[in-house]
Amino acid sequence: MAPALLDRVEDARLAAARRQVHDTRTASILGLALGASFSVCLLTGLYSHLLQQPPSWFTPPTGPAGLYRFTQGLHVICGLASIPLLLAKLFAVSPQLWRRPPVRGAVDAMERIGLLPLVGGSLFLLVTGAANIAHWYPWRFFFPVGHWWAAWLVVGAMLIHVALKMPTVRESLRRPTAGPEPEPTSVGADDGLTRRGLILTVAGTAGLLTLVTAGQTVPFLRRVTALAPRRPDIGPQGLPVNRSASAAGTTGLGEDPSYRLVVAGPDGSERAFTLGELRALPRHGAELPIACVEGWSASAAWTGVRVADLLSAAGRGPSALTVRSAQRAGLYGSSELSADAAAAPDCLLALEVNGEPLDADHGAPVRLIAPNRPGVLQTKWVTRLEVT
Ligand code: HEM
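Here goes a summary of the coordinates provided. (Residues numbered from 1 in each chain as written. Predicted model: local features only at pLDDT ≥ 70, side-chain atom pairs only at ≥ 80, totals over all residues. Heavy atoms only, no water.)

**Here we look at the environment of Ala300**
Which entries qualify depends on this criterion: Numbering of helices and strands runs from the N terminus; a helix is a DSSP stretch of H or I covering at least four residues, while a strand is a stretch of E covering at least two. By definition in these notes, contact holds between two residues if any of their heavy atoms fall within 4.5 Å.
The residue Ala300 is located in strand β4 (residues 297-306) in this model. The contacts of Ala300, once residues within four sequence positions are left out, are Leu239, Ala286, Glu287, Leu288, Val353 and Asn354.

Structural data, given as structure tokens:
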């Protein structure tokens, strides 16, 4: 073939490869990846919701101890990895978004209207989720409530979108590609992006983002966790703190001689324990993680009194409880324990962590620590157990 003709063939191949960036097959591949990561976010997010607001038909499982650490860590990892995926998906379909005429019939109009909650809701979930774990709240609504409703909006819009697009997705993935993609070496700096280039870039960005953030919950990635909002080994006694004693208005509680831990019955009867009496009860040790709703987690060795032993010292049998804190400011000043959770052998009122009396910021003199619970439910500065 003549050199000029060869050049033209090569140019045509490159142009076709560049168009592939915006074709159905690219959109399908990215859409499937995004659908998978959003599904993991939805399932793990629902699990977090169920643990925090259990409906009557759901009893939070008391193990394995690290289950919530795993699910919420995965939630944030998949959520953050979804950011480059969503941006790439929007880039891949962008020519369609701005096409002329914008609407081609009634079904097309419905489909395009459905994109508003899908795209808007997805951006909302990812932006507010990322801002939340960075402790940046430039909004007035309560994050879990806004996040919860946006998740349902997105799921509804996504199901409709997937149902409408599935035949096209199947077709585009079955059909062989228009032709072999050029080798990366044959593409010059200004030759534009190919499908393979786009997908490798997205996979690389998502992978890198995971690598530099997942160390907040995956111990062996701690050394490379440059962008994680939390280092799980930094804080008093080597553990992070979200609400300090001074923020909660409980400074000095650990040294207060008038401190009492009260076990109250539904009949109004009460039994108060001094710190000395608590320390004299049988001690139990357990290795349990603090697993924050924000996705970070850290394990520690806790020592204290089993909740079940305290109940029996107060003359009560196993039962469900409300655990109340001395904290004066902010949310999460109390938490619920089901009868199963209160009876679990590792459900403790901890007096020590890693061999030392609890630091004020970790809830001194007494905090709740139990398996498979979000950190916000591991109530600190405990002053009262109410049998429900
Ligand atoms: C950057 C991405 C994301 C981040 C960083 C993120 C972060 C979080 C955090 C920190 C929570 C716990 C809220 C709390 O209990 O205080 C949460 C809950 C939740 N997330 Fe996400 N999320 C992201 C994306 C998503 C996506 C894509 C979905 C669904 C498709 C989703 C669905 C949920 C649900 C259903 C909950 C439970 C809300 C509740 O307890 O009421 N999240 N997320």
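**Digging into the site of the ligand**
Filter applied, for reference: In these notes, residues near a molecule or strand are those with any non-hydrogen atom within 4 Å of it. Three categories are distinguished: nonpolar for Ala, Val, Leu, Ile, Met, Phe, Trp, Tyr, Cys and Pro, charged for Asp, Glu, Lys and Arg, and polar for the others, with Gly belonging to the last.
Around the ligand, 22 residues are found, and the nearest of them are His49, Gln52, His75, His147 and Val293. Elements that contribute at least two residues to the shell around the ligand include exactly α2 (24-52), α3 (67-97), α4 (106-133) and α5 (143-174). Take the shell around the ligand: its biggest share by element is six residues, from α2. Partitioning the shell around the ligand into residue classes produces twelve nonpolar, nine polar and one charged.

**Things to note about the nonpolar core**
Our working rule: By nonpolar core is meant a set of buried Ala, Val, Leu, Ile, Met, Phe, Trp, Tyr and Cys residues that side-chain atoms within 4.5 Å join together. Only protein chains enter the accessibility calculation, which uses a 1.4 Å probe. A residue is then buried if its area is under 20% of the maximum for its type, exposed if over 50%, and partly exposed in between.
Of all hydrophobic cores here, the largest spans 31 residues; its most connected members are Leu278, Val307, Leu310, Leu321, Leu337, Leu349 and Val366. Contributing elements (two or more residues each) for this core: α7 (245-248), β1 (261-264), α8 (275-280), α9 (307-313), β5 (321-325), α10 (339-343), β7 (348-353) and β10 (382-387). Setting aside anything within four residues of it in sequence, one finds Leu310 in contact with Leu261, Val263, Phe273, Leu278, Leu281, Val305, Leu349 and Leu385. Leu30, Leu34, Leu85 and Leu125 belong to the second-largest nonpolar core, a separate cluster that totals 19 residues.

**So, the coordination of the iron atom of the ligand**
This is how the line gets drawn: In this description, a donor is an N, O or S atom within 2.8 Å of the metal centre, a cutoff extended to 3.2 Å for sodium, potassium and calcium. Water is not part of the atom list, which can make sites seem incomplete. Geometry is assigned from donor-metal-donor angles: four donors are tetrahedral when every angle falls between 85 and 135 degrees, four are square planar and six octahedral when opposite donors sit over 155 degrees apart with all other angles between 65 and 115, and any other arrangement is irregular.
Around the iron atom of the ligand, the protein contributes the donor atoms His75 (NE2) and His147 (NE2), which lie 2.0 to 2.1 Å from the metal centre. In this structure, the iron atom of the ligand is coordinated by six donor atoms arranged in octahedral fashion, with angles at the metal of 82 to 179 degrees. You can see His75 sitting in helix α3 and its partner His147 sitting in helix α5, a full 72 residues away along the chain. Here His75 matches His147 in class, with each residue buried.

Geometry only, nothing functional implied.
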